Amino acid sequence: MNVLVTGGCGFIGSNLVKYLRRQRPDWKVVNLDKLTYAGNLETLADLEGDSQHVFVRGDVGNRELVEFVLRQHRIDAVMHLAAESHVDRSILGPEVFIQTNVLGTQQLLEASKAAGIKRFLMVSTDEVYGSLGPTGYFTETSPIQPSSPYSSSKASSDLVALAYHHTFGMDVVVTRCSNNYGRYQFPEKLIPLMTVNALHDRPLPVYGDGQNVRDWLHVEDHCQALLLALEKGRAGEVYNIGGGAERRNIEIVRGILQLTGKPETLIKYVQDRPGHDRRYAIDPAKIREELGWTPAHTFEQGLEDTVRWYVDNRTWWERVMSGAYRQYFETQYKARLAA
Ligand code: NAD
Ligand code: TDX
């Protein structure tokens, strides 16, 4: 089996490429990635010399290139993860989110249709459902009510992928997962950002009252679910993937301070994110009952392992945070603390 993973140099994509190489050693994994600020080849350094992993630098929106890659490597299935993925960035500049997430996905779908791809796995997000109140869970039939430019671009691409199934008969499966955490996450998202700041003795910027809730999913549990959805999911279906670990942001920030041995005086409440969703929580009954998936990691152990990994892998995050990204980060970080 030959599989194309898009966005394989990002956080989830790189974990997925490695997971596939371990779990399905006879598969060829072709990794198409544009190497934006969030994509890093160093993350895949341990695959150097592995002839079953092929890296192609390119844009998912480049239909000619994508069709060439699909045919050249006789790709059977596509796992589509490439995206602009950060909500805060989508508030500052929505355009590239529409470009990559919506138009790029449509071009990839079109190329996949032309090449006769047997299965297209669209990696979407629970953010397409918008925000929950204090109770209840997102199910696959919850209304689609995205709040941010990021989540609306993901909702669009998710629905366009389903339209390619309904209209053109393409074999499409959509997954919608909750917040991932683990190794190699870019230090702009909550857990790695707070960890890196704590290690630098810098203030930890908590948005609003810190009571927003996310449902945390270990990236390896997510990879396992994606492989199951690829191999056993039913065409045209949506599967929610959630870690069953609802936590308030402030609890996580306190946990990171404890694990790094830093004082709570580093916590700084800052202006809230515009349109900030209050709570996400997933009902994973469908994927559990149909595909037999359950998460293996507990959040407390997973968080401890993740924080330890950032402590031990300073070189990795110092490198990925250098250059153009550093400039963006410093400007945004200062603006947030000043607000
Ligand atoms: P990430 O930002 O870490 O990585 C994205 C990758 O996509 C990078 O390697 C980047 O270079 C690549 N990329 C961006 N634009 C591209 C383009 N036009 N063509 C080719 N490659 C391009 O993202 P992530 O956190 O690993 O998320 C992966 C996917 O999972 C995304 O689709 C995201 O929406 C979805 N998702 C993520 C989370 C999460 O908690 N991280 C939760 C739910 C869903
Ligand atoms: O500095 C911060 N301070 C803060 O309080 C940051 C970066 C975040 N937060 C809060 C906002 C959210 O309530 O932490 C929570 C998590 O924020 P992010 O890590 O930015 O993730 P989120 O906005 O929930 O979106 C993530 O999960 C769903 C991913 O970035 C998306 O790609 C995914 O679809």
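This text follows the structure it describes.
Residues numbered from 1 in each chain as written. Chains lettered and ligands numbered in written order. Predicted model: local features only at pLDDT ≥ 70, side-chain atom pairs only at ≥ 80, totals over all residues. Heavy atoms only, no water.

J.: Now, about the overall build of the protein chain: what can you tell me, with residues and values included?
T.: When its secondary structure is counted, the protein chain shows 12 helices and 13 strands. Its C-alpha atoms give the protein chain a radius of gyration of 19 Å, within 12% of the compact-globule value 20 Å for 339 residues. Seen through its principal axes, the protein chain has C-alpha atoms that stretch 55 × 45 × 35 Å. In the protein chain, 82% of the contacts between residues at least 6 apart in sequence involve partners at least 24 apart. Working note: accessible area of the protein chain is about 14000 Å², and carbon and sulfur atoms make up 49% of it. Charge centroids of the protein chain, computed over 38 positive and 41 negative side chains, lie 2 Å from each other. (Helix = DSSP H or I, 4+ residues; strand = E, 2+ residues; numbered from the N terminus. Rg over C-alpha atoms; globule rule 2.2 N^0.38 Å. Contact = heavy atoms within 4.5 Å. Areas by Shrake-Rupley, 256 points an atom, 1.4 Å probe, with all protein chains shown as cover. Lys, Arg positive; Asp, Glu negative; His and termini not counted. Charge placed at Lys NZ, Arg CZ, Asp CG, Glu CD.)

J.: Let's hear about the site of ligand 1: which residues, and what values?
T.: I12, D33, S85, Y150 and K154 are the nearest of the 28 residues found near ligand 1. One nitrogen or oxygen atom from the side chain of D33 is found 2.6 Å from an oxygen atom belonging to ligand 1. For ligand 1, a nitrogen atom lies 3.0 Å from a polar atom in the backbone of V60. The protein chains hide 96% of the 840 Å² of surface that ligand 1 would expose on its own. Contributions of two or more residues to the shell around ligand 1 are made by helix 1 (11-23), strand 5 (119-125) and helix 5 (149-168). If you tally residues by element for the shell around ligand 1, the top one is strand 5, at three residues. Residue composition of the shell around ligand 1, by class: 12 nonpolar, 12 polar and four charged. (Near = heavy atom within 4 Å. Polar contact = N/O pair within 3.5 Å; in protein donor to acceptor, adjacent residues only side chain to side chain. Nonpolar A, V, L, I, M, F, W, Y, C, P; charged D, E, K, R; others polar.)

J.: Can you break down the packing of aromatic side chains residue by residue, with the values?
T.: A ring pair, where both rings are aromatic, is described by two values, the distance of the centres and the angle of the planes. Scanning all chains against the criterion turns up 13 aromatic pairs. An angle of 65° between the planes, with centres 5.1 Å apart, marks the rings of Y181 and F299 as edge-to-face. Within this pair, whereas Y181 is found in strand 7 (residues 180-181), its partner F299 is found in helix 10 (residues 299-312), the two being separated by 118 residues in sequence. Given the relative accessible area of 6%, F299 is considered buried. An aromatic cluster is built from Y184, W309, Y310 and W316, whose rings are joined through pairwise contacts. Taking NZ or CZ as reference, R24 lies 5.9 Å from the ring centre of W27, over its face. Over the ring of Y280 we find R214, and its NZ or CZ is 3.9 Å from the ring centre. (Phe/Tyr/Trp six-rings, centres within 6.5 Å; stacked < 30°, edge-to-face > 60°. Buried < 20%, exposed > 50% of the residue type's maximum accessible area, 1.4 Å probe, protein only. Lys NZ or Arg CZ within 6 Å of the ring centre and 35° of its normal.)

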